[in-house]
Amino acid sequence: MIKGNKTKQYSMGIIVVLAMAIGLVVFQTCGRFRTAEWATKVTSDSIPAGDSDSNTESGANSDKLPPADALPPLQAESTSVLGTVTTKTYIYSRPSGVPLHIVISRDSTHTGNLPAVLHIHGGAMMKGEPSENRTVSLAQAGFVGASVEYRLSPGATGELAAIGGFTFPAAIHDCKTAIRFLRAYASEFGIDPSRIGTIGESAGGYLSLMMATTFGDAFLEGSGEYPGISTEVQSAVSFYGPTSYIEMNLEFDNSPNPIASGIENHEKKTSGSYYYLGGLVADNPTLASKASPLSYAVTGKQYPPILMIHGINDPQVIAHQSYLMYDLLKQNGANVELIFMPKRKHSFEQVDAQDPLFDYKFYTWTLIPNLPSYVKTVLPYKYANDFFTDKLK
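Residues numbered from 1 in each chain as written. Predicted model: local features only at pLDDT ≥ 70, side-chain atom pairs only at ≥ 80, totals over all residues. Heavy atoms only, no water.

> Explain the layout of surface pockets to me, and be specific about the residues and the numbers.
Of the voids in this model, the second largest pocket is the one considered here, and its volume is about 440 Å³. What lines the second largest pocket is a set of 26 residues, among which Gly-123, Ala-124, Ser-202, Glu-264 and His-266 lie closest to the centre. Of all the secondary-structure elements, those providing two or more residues to the lining of the second largest pocket are helix H4 (203–213), helix H6 (245–254) and helix H8 (272–277). The element contributing the most residues to the lining of the second largest pocket is H8, with 3 residues. In terms of residue class, the lining of the second largest pocket is built from 11 nonpolar, 11 polar and 4 charged. (1 Å grid on protein atoms, 1.4 Å probe; cavity = no way out; pocket = protein on both sides within 12 Å on 5 of 7 lines; lining within 4 Å. Points joined across faces, edges and corners; volume = space filled by probe spheres on them. Helix = DSSP H or I, 4+ residues; strand = E, 2+ residues; numbered from the N terminus. Nonpolar A, V, L, I, M, F, W, Y, C, P; charged D, E, K, R; others polar.)

Here it is in structure tokens:
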């Protein structure tokens, strides 16, 4: 990785920088909620809601694509071959001078323009990297598989600090830029630009839900590369992703014995949400709400089909988080499915008989009406592939 720009602090405002190196126009703006405890790298397009009158043509149709000869030629940084699957890694964006990578796999046994599925890794916004295993698996299932690197929070350490130091909504902007990249180069990759889905685990599940529910929101669309190209997705999968930062705190606070049950406290100054939001939820609930997928499940919006799978014994992101999103989306007419995996923790890890979580009944289970109707044992990734096959093919 190449080291990012040195940390800068700016007052609220708009700075327009013309990036001529590759013939693209990137509108860069700045200003964000910050905590006084650290200096945060300024994202290229972080403007609090209401401070920008710019619109990135977020309502553009998915077939509104630039001519192929108008785009800079692609240069893969690496290539690998596994059987009939070829995988290549590219730089898809350079926000604030930080090169971000995307891994793309395609199986030569599948011909024509294929639907694409973008995998978004987890890691509490502090760690993680694109997964070639996921892209190869998706390619073998008949999709163009992609997995994206995005800017991490100030909690990132070691080598990952090179892409760390960023708060909400930087990661969202990056994932949307990745979707625009896939559409911009659809002919290069053999992608049908009208059929793109997203999938992610934990923080990646959160980002997948944000991709599904925030299409057209100018603040969250950002102003990265490939402006004017749609970021709308046609389906989305979340594995145990958080949906409301405010509700996560209430779940911990209201639990009769959260420490004994291992329920994670997200309202502490070492948590992923603290670093991602730039402070405690209690200090800025408005920002926490704006950063939560649950806030975008509203009446009158159109949503793509959404699948959520969650381990019922998950102590890090309580299963109630997925139910909240499911219930609100369902009330608003969305095509949404919810599955609770029995005896599974975070990352679908099996709960064994010696684990205190084996028989623990989370108090939030009482908040989920008709809980048994959602409990089902499935192979999560196969189930997700089948879901994408049904919705995208």
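After that view, the rundown keeps rolling.
> I'd love a proper account of the pattern of salt bridges, names of residues and values included.
Applying the stated criterion to the full structure yields 7 salt bridges. A salt bridge links Lys-345 to Glu-349; the shortest N-O distance between them is 3.9 Å. Of the residues examined, Glu-349 reaches a relative accessible area of 45% and is grouped as partly exposed. Linking Asp-386 and Lys-382 is a salt bridge whose minimum nitrogen-to-oxygen distance equals 3.1 Å. Of the two residues, Asp-386 and Lys-382 are both situated in helix H11 (residues 380–392); the distance of 4 residues between them amounts to about one turn of the helix. (Salt bridge = Lys/Arg side-chain N within 4 Å of Asp/Glu carboxyl O. Buried < 20%, exposed > 50% of the residue type's maximum accessible area, 1.4 Å probe, protein only.)

> Provide a residue-level description of H11, including the pertinent values.
Look at H11: 18 Å from first C-alpha to last across 13 residues, which is about the 18 Å you get at 1.5 Å a residue. Of the positions making up H11, those classed as buried are Pro-380, Ala-384, Asn-385, Phe-387, Phe-388 and Leu-392. Relative to the axis of H11, the buried residues are bounded by an arc of 160° and lie together on one face. Looking at the buried residues of H11, the elements they touch are strand S6 (114–120), helix H1 (132–140), strand S8 (191–201), strand S9 (235–239), strand S10 (306–311) and strand S11 (336–341). (Expected span 1.5 Å × (residues − 1). Arc of directions from axis to C-beta. Contact = heavy atoms within 4.5 Å.)

> Help me get a handle on the sheet that holds S9, residues and values and all.
Across the sheet, which stays open at both edges, the 9 strands sit in the order S3-S4-S5-S7-S6-S8-S9-S10-S11 with mixed pairing between neighbours. The sheet terminates laterally at strand S3 (78–82) and S11, the two strands that pair on one side only. Within the sheet, the average angular offset between the axes of one strand and its neighbour, ignoring direction, is 20°. Of the strand pairs in this sheet, S9 and S10 are connected by 4 bridges, and their pairing is parallel. Residue pairing across strands places Ala-236 opposite Ile-306, the latter belonging to S10. (Pairing = 2+ DSSP bridges. Axes fitted to C-alpha atoms, helices over the stretch in contact; angles between N-to-C directions.)

> Talk me through the nonpolar core; I want residue IDs and the actual numbers.
The biggest cluster of nonpolar side chains holds 84 residues, and the ones touching the most others in it are Ile-102, Phe-168, Phe-181 and Tyr-206. Among the elements that take part in this core, helix H2 (residues 170–184) stands out by supplying 9 residues, more than any other. Those residues within four positions of Ile-102 in sequence are excluded, and the remaining contacts are Lys-88, Thr-89, Tyr-90, Tyr-92, Leu-118, Ala-146, Ser-147, Val-148, Ala-178, Phe-181 and Leu-182. (Core = buried A, V, L, I, M, F, W, Y, C linked by side-chain atoms within 4.5 Å.)

> Which residues make up the side chain of Thr-243, and what values do they have?
Structurally, Thr-243 is set in the loop between S9 and H6. In this structure Thr-243 touches Leu-209, Ser-292, Pro-293, Leu-294, Gln-321, Leu-324 and Met-325, once residues within four positions along its chain are discounted.

> I'd like a description of the packing of H2 against H4, backed by residues and values.
Where H2 contacts H4, the two axes come as close as 10 Å, and the packing angle between them is 65°. Here H2 and H4 pass one another in a crossing that is right-handed. Taking contact as the criterion, the partners of Ala-171, Ile-172, Cys-175, Lys-176 and Ile-179 in H2 are, on H4, Tyr-206, Leu-207, Met-210 and Met-211. A breakdown of the residues in the contact of H2 with H4 according to their chemical character gives 8 nonpolar, no polar and 1 charged. (Left-handed = near helix turned anticlockwise from the far one by under 90°.)

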